[in-house]
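Take a look at the letters that make up each chain.
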Amino acid sequence: MGKINASHSSYCYDSTLLETDESCYPHRGQSGKCCCIVGKNTETWIQDPCCGERSKQEQESLVAHTVLQVDERCLVYRAEGNANIVLSLSDNKHVLRLRKSKIATRDGKAESNVKLDRFVKYSEVMSNLFSSCYVPTLQLAHLNTSDLDAFNKRLSKARPVSRQDKEIRELDGIIFPDVAFLPAWLYPAGDQDIHQEGKIHSPLSHYQTYCVEIKPKQGWYSYEFCDNIPAPGLASVGDGDLRKCRYCFLQYLKLQQKSIAKISKYCPLDLFSGKPIRVLQAVKGLIGAPQNNFKLLKNGKIVYDETREKSAFNRILKEMFPRDGRTKEERKNIFLNLIKEVLLKDFSTSNADGENNRKLLTIRKDRKKKDKNQLHERCCNGVGQNFLPERCVLREILDVQSLVKSNFAAFDPSQLASSSSSPCSYVDDMYEKYLDYRDDVGYSDASMMSGTFCSEYLSTEEKYQFGATALDCSVMITFRRLAADRALEDRLSPEARNHIIVIEGMKFLVKVTITDLDPKSHKHHQKYVDQLAESAMAYRDFMSKLMKRQ
């Protein structure tokens, strides 16, 4: 069990903190596994959220009692997006996410006025729409710092210059497992501490841990329902041959606004097609133009993203696949195939074919001059049927994303209990319905509840908000080379052996996690409509100028 070091006024995150029995993650619904959380001046025992039976009263009080104190000296900059900064905790594999505010509004208040307990509530409900193996458990945390301005100044040395119009003014945050590392239950018996560098010697210890972050974005066409929506400019999205998906349209708006330097070749419809060659093509497109949709981490540190040259990615591949004689393109192809296999694998089934060496597929190298204008003139290619395996991570995300499509036309923003001062207050009502559902059906039946729960308990608007979250979630693919040692492999648990992928004779332990399951503002629907119309106009403007130059 973990504890917070309370021997001094600043509650430092001890190296044994939050031992929330990671081994129970793949066994959601079992009982008897608890975690000890020691807060400032309090000590509260709470049953782990992924295990056992809780009363409605216990569930309602869960969020309020699990606030962890984190000392600023234990934090290292990891990454950030538009709204949040992610900091890793030293000597332990958890991360803290804090919200950002504009520097011009240094009043100590978060810009969005979002109550973080709603994030935790929402995440608990949202996680039940996915298989339990894909979602981590979140908890509230509080940053202890004696000088917030000095803390921001220290962080600024590691932050991108383009992001420094905002800083941390809100001390409350959310803490969750660091998915840049594999969880302990995946390692052989006796090696559970291998992800703590330098602690033990092991047949695995000379291999590095890598993590790929992908933001897949919307995996279906927007224009499929545009003609039925009375919004200026939106119906024209589907006119003529403009068969572009939302992501590809938005690229031209970003280019117009100069927030990107070039159009990405990535298309979410390729990724969600379920067809292996198209999935490879999608991942290749992400690598070529990462933007904010692709990152590669090594041992918890970002080594390739939009701020780095492509040569950095090629250097990492050489470290990842060090066999002599392989060309740069061969190493890249192995990497693409590994990511493809993980994205399309159903981790809920037994690993009957885990020993089989997967067939290595190859896609052609781009011919830049010939393909230059085809990128702009091409139509995004949907598929008539779903080729994704039933419980693979892409299929589950797409199923939840589809709640936007099926509830878009009937959406009424006035039905969400929110306001500009509290844009996510609808979460409280949603959470009450979730607790009612749990009381009605029992805890053990709550996972994968998207069918009954969504159809019988939620309003049209609440279902839409779930789908909106899935449109912007992230997929984290964590992997580490497994030594060619049969005795070592036999020490793995049955669950861990199901997480082995074999590529070109190389075995990898892999873990997939869905993150960024945050509630969206009640204004998301209107923003979606406006942004899609603006993106279509930006594309038309780009193509008009392109034709004049030819």
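Before reading further, recall that the structure is shown in the block above.
One structure accompanies this document, and this report is about it. Because the structure is a prediction, the values reported are computed rather than measured. (Residues numbered from 1 in each chain as written. Predicted model: local features only at pLDDT ≥ 70, side-chain atom pairs only at ≥ 80, totals over all residues. Heavy atoms only, no water.)

1. A closer look at the overall build of the chain
Stated formally: The helix and strand labels rest on DSSP assignments: H or I over at least four residues marks a helix, E over at least two residues marks a strand, and numbering proceeds from the N terminus. A simple rule labels every residue: compare its accessible area, found with a 1.4 Å probe on the protein chains alone, to the largest value its type can have, and call it buried under 20%, exposed over 50%, or partly exposed in between. Here the accessible surface of atoms and residues is derived via Shrake-Rupley with a 1.4 Å probe, and residues count as covered only by protein chains that are part of the display.
Assigned secondary structure in the chain consists of 18 helices and 14 strands. A buried classification covers 57% of the 550 residues belonging to the chain. Summing over all exposed atoms, the chain offers an accessible surface of approximately 23800 Å²; the carbon and sulfur share of this is 48%.

2. Comments concerning the sheet that holds strand S10 (residues 294-298)
Our working rule: Should DSSP find at least two bridges between two strands, the strands are taken to pair. Each axis is a line fitted through C-alpha atoms, and for a helix only the stretch in contact is used; angles between axes span 0 to 180 degrees, taken between their N-to-C directions.
Across the sheet, 6 strands lie side by side as S11-S10-S9-S12-S14-S13; this open sheet has antiparallel pairing. Lying at the two open borders of the sheet, with one neighbouring strand each, are strand S11 (301-304) and strand S13 (500-503). Sheet twist, expressed as the mean angle between neighbouring strand axes with direction ignored, is 35°.

3. What to know about the pairing of strand S7 (residues 139-144)
Among the 6 residues in S7, 5 count as buried, and that is most of the element. Bridge count between strand S3 (residues 67-71) and S7: 5 bridges; the pairing is parallel. Across the sheet, residue Asp 71 finds its bridge partner in S7, namely Asn 144. Summarising the sheet, S7 and strand S8 (residues 166-177) pair through 4 bridges and their orientation is antiparallel. Opposite Ala 141, over in S8, you have Gly 173 as the bridge partner.

4. Some points on the sheet that holds strand S4 (residues 75-80)
Rules: Any pair of residues with heavy atoms lying within 4.5 Å of one another is described as a contacting pair.
In spatial order, the strands read S3-S7-S8-S6-S5-S4; together these 6 strands make up an open sheet with mixed pairing. Each having just a single partner strand, S3 and S4 make up the two edges of the open sheet. Neighbour to neighbour, the strand axes of the sheet diverge by 35° on average, direction disregarded. Contacts from helix H2 (residues 116-127) reach strand S6 (94-102), S7 and S8 within the one sheet, and its direction differs from that of S8 by about 30°. Across the face of the sheet, helix H3 (residues 148-156) comes into contact with S4, strand S5 (84-89), S7 and S8 while running at roughly 75° to S8.

5. Thoughts on helix H15 (residues 460-471)
Just so we agree on the cut-off: Helix span, as expected, comes to 1.5 Å for every residue beyond the first.
For H15, spanning 12 residues, the distance from its first C-alpha to its last is 17 Å, which sits close to the expected 16 Å at 1.5 Å a residue. The buried count for H15 comes to 11 of 12 residues, which makes it a mostly enclosed element. Burial in H15 covers these residues: Glu 461, Glu 462, Lys 463, Tyr 464, Gln 465, Phe 466, Gly 467, Ala 468, Thr 469, Ala 470 and Leu 471.

6. Quick notes on unusual backbone geometry
Not every positive phi belongs to a glycine, and Glu 504 is a case in point at roughly 55°. With respect to the element layout, Glu 504 can be found in the loop between S13 and strand S14 (506-515). Of the residues examined, Glu 504 reaches a relative accessible area of 31% and is grouped as partly exposed. Its identity is not glycine, yet Asp 516 carries a phi of approximately 60°, on the positive side.

7. Re the pairing of S14
Among the 10 residues that make up S14, 10 are buried, leaving the element largely enclosed by the rest of the structure. Burial along S14 is two-sided: Met 506, Phe 508, Val 510, Val 512 and Ile 514 facing one way and Lys 507, Leu 509, Lys 511, Thr 513 and Thr 515 facing the other are all buried. Note that strand S12 (residues 474-482) and S14 share 9 bridges and pair antiparallel. Residue pairing across strands places Ile 477 opposite Val 512, the latter belonging to S14. With 4 bridges joining them, S13 and S14 adopt antiparallel strand pairing. Looking at the pairing, Ile 500 lines up with Leu 509 of S14.

8. Re the nonpolar core
Heads up, the rule is: To define a nonpolar core, start from buried Ala, Val, Leu, Ile, Met, Phe, Trp, Tyr and Cys residues and group those joined through side-chain atoms within 4.5 Å.
Ranked by size, the top nonpolar core spans 104 residues in total, and within it Phe 335, Leu 343, Phe 466 and Phe 479 carry the most contacts. By residue number, the principal contributor to this core is helix H18 (residues 524-549), which donates 9 residues. Excluding residues that lie within four positions of it along the chain, Phe 335 makes contacts with Val 212, Ile 287, Phe 294, Phe 313, Leu 317, Met 320, Phe 321 and Phe 479. In this structure, Ile 85, Leu 98, Phe 151 and Leu 155 belong to the second largest nonpolar core, which totals 16 residues.

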